[in-house]
Each structure stands twice: as structure tokens, then as C-alpha cells.
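# Structural description and commentary
So the chains spell out like this:
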Amino acid sequence: MLYVALTFWLLMSVLTAWGVHRLWCSMLPVKVVNVVLLPGTLIAMLGHVLGLLVTGATVTTATLYKDDGSGDPETTTDPKPRIPILGPILIGMLPLMACGAATYFAARYLGWGMTTKLSSEYVGPNLPTTLHGAFEFLRSQVSLIESLVASVRTADFGDWKTGLFVYLLVCLTVRMAPFQGTSRGALGAIILLGAGAAALTSVLDVADPRVQTGWTVLNLSFATLLLLLVVTLVIRGLVGLVHVIRANA
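Residues numbered from 1 in each chain as written. Predicted model: local features only at pLDDT ≥ 70, side-chain atom pairs only at ≥ 80, totals over all residues. Heavy atoms only, no water.

## With respect to the packing of helix α1 (residues 2-27) against helix α10 (residues 215-247)
- Their axes nearest at 9 Å, the elements α1 and α10 cross at an angle of 35°. Regarding α1 and α10, the two cross each other, and that crossing is left-handed.
- A breakdown of the residues in the contact of α1 with α10 according to their chemical character gives 20 nonpolar, 4 polar and 1 charged. (Axes fitted to C-alpha atoms, helices over the stretch in contact; angles between N-to-C directions. Helix = DSSP H or I, 4+ residues; strand = E, 2+ residues; numbered from the N terminus. Left-handed = near helix turned anticlockwise from the far one by under 90°. Nonpolar A, V, L, I, M, F, W, Y, C, P; charged D, E, K, R; others polar.)

Shown next as C-alpha cells:
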């Protein structure tokens, strides 16, 4: 059940990041969004290029901004990796791993105090199996957002590390959204990662605490993405409501 939950939360994080990124790009110019997310885009692009090199794929294009003026990052559209099946999965997985590792180091050296204040009881190995549990699960996500807001409110923004950490956290988590053309590989990588971790633990009898070390980063990442998604949807809803009122005034 631990690895099923791990796969579920990773999928939820990537899909939420994807949704936040698409919403931002629909509300703001794509160039503005990608300028704001530049540190996260750089880390994800490095992971993408590393995935291309490891799989022996052809690297034809890897730029942070397209030449067409859109400001969107550009990746190799048909890399043709030499490793069949696993090649696209590795290419999709390494940007996620790069963003996850960067989030860990940012939390560890810039915002560990704020990270430890975030409740860890909501993102965990126990998934709901009943209807009542499903509603409790949904309510717990609101509590998760509340816990993150409380930890941010009590943070010391007089320290430059805190502001930098919050900015990097937003950039790195939103940039977990797959690049164009790598979505299948990224989603397949998450499923394979969960299945591989379960198989490795079963065969080698690896203790679960080794997997548990990633829960802190996963908890922080998903809480951030969930808060960003809710805030973005509220803003978009208010803007739409204003347009409706003005059109019918």
C-alpha cells in the first residue's frame, strides 16, 4: 500500500503542476509565466538534456525560450532514444527527479524551519477505501492548505533565505509539469518508479524508511501546488465573474 500511495501522490503532484501551469499560461502571456519560472525551467531542462544523453537520444533543440517570441521552453520533439520503451520514460523521469532534488536542497538549506512546521499527516501512505474515508480525505486537503499557510505566516521574511526559498519552491514545483511531448514518459516514469520500488523492496527486503525519506519533499511540493491551484482558480473565477457583471450591467 505504501508504494501505491507513493505513486498516487506523485501522479497528483505532476497533474496539479500541469494544471497550475496551464491556468497561468491561459491568464498571462506565456513569456511572462516562463520568465517567472526561469529557475525551475532551468533545472527541469538540465534533467531533460541529461535524460536525452543517458538514453543516447538525438539532442537537436534544448532552449529556455523559443525563437518565435512565445517565451515557451523548447525541447527536442523527436529524440529517438536508443533504449526502447524505457528511453522515453527516462527522458520524462529525470526532469521530475531534478526538480524534486532541487526542492529538497532548497528546503534543507533555505527553509527547513518552515518545512518542519508543515503538518505531515495529510500526505501519507494511507489512502481512503470507503466513501466516508474519501470525504475525510478531501477535507484533509483543505487542512493541508491551512497548515502550509500557517507555516508561511510564521516564517521570518526578514531573512532573505525565506523569500528566496518560497520563490524557488513555487518555481520548482510548478515546473514539475511535463514539457511538451514528454507527458506520456513522465506519467509512465511515475508508475514504473512506484512498481520498481515495490519490487526492489520485496526482493532485497529494503526497509520502508528509505522510501519514507522522500515524503517530506512530496508533502511540501503537493501542499504548495494545491495552494497555488486553489488561489489560481479563485482569481480566475473572480475575473470571470467581473466580466459577466460588466457585460450584463
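Picking up after the structure, the text goes on.
## Topic: a nonpolar patch on the surface
- Residues M27, L28, V32, V36, W160, L164, Y167, V231, I235 and V239 make up a contiguous nonpolar surface patch of about 850 Å² in total accessible area.
- Within the residue set of the nonpolar patch, elements represented by two or more residues are α2 (30-36), α7 (160-174) and α10.
- Its place among the elements puts Y167 in helix α7.
- Look at Y167 and you get partly exposed, because its relative accessible area is 35%. (Patch = residues over 30% accessible without salt bridge, like charges linked within 9 Å, V, L, I, M, F, W, Y side chains within 5 Å. Areas by Shrake-Rupley, 256 points an atom, 1.4 Å probe, with all protein chains shown as cover. Salt bridge = Lys/Arg side-chain N within 4 Å of Asp/Glu carboxyl O. Buried < 20%, exposed > 50% of the residue type's maximum accessible area, 1.4 Å probe, protein only.)

## Details of the packing of aromatic side chains
- Enumeration according to the criterion identifies 6 aromatic pairs in this entry.
- Aromatic pair Y104 and F105: ring centres 5.4 Å apart, planes at 70°, arrangement edge-to-face.
- Taking the relative accessible area as the measure of exposure, F105 reaches 45% and is therefore partly exposed.
- Among the aromatic side chains, those forming a connected cluster through ring pairs are F8, W9, F137 and F222.
- The ring of Y109 carries the charged tip of R108 above its face, separated from the ring centre by 5.9 Å.
- Sitting above the plane of the W112 ring, R108 keeps its charged end 5.6 Å from the centroid. (Phe/Tyr/Trp six-rings, centres within 6.5 Å; stacked < 30°, edge-to-face > 60°. Lys NZ or Arg CZ within 6 Å of the ring centre and 35° of its normal.)

## Overview of empty space enclosed by the protein
- In total, this model carries 1 cavity of 30 Å³ or more according to the counting rule given.
- A volume near 60 Å³ is recorded for the largest cavity.
- A44, H48, I91, G92, P95, L96, R175, M176, A177, P178, F179 and T182 are the residues that line the largest cavity.
- At the level of secondary structure, the elements contributing two or more residues to the lining of the largest cavity comprise α3 (38-54) and α4 (86-109).
- Counting residues per element, the lining of the largest cavity draws most heavily on α4, which supplies 4 residues. (1 Å grid on protein atoms, 1.4 Å probe; cavity = no way out; pocket = protein on both sides within 12 Å on 5 of 7 lines; lining within 4 Å. Points joined across faces, edges and corners; volume = space filled by probe spheres on them.)

## Description of the environment of T58
- Along the chain, T58 turns up in the loop between α3 and α4.
- In the structure, T58 is positioned 23 residues away from P81 in sequence and 7.0 Å away in space, judged by C-alpha atoms.

The values reported here are purely geometric and, on their own, carry no functional implication.
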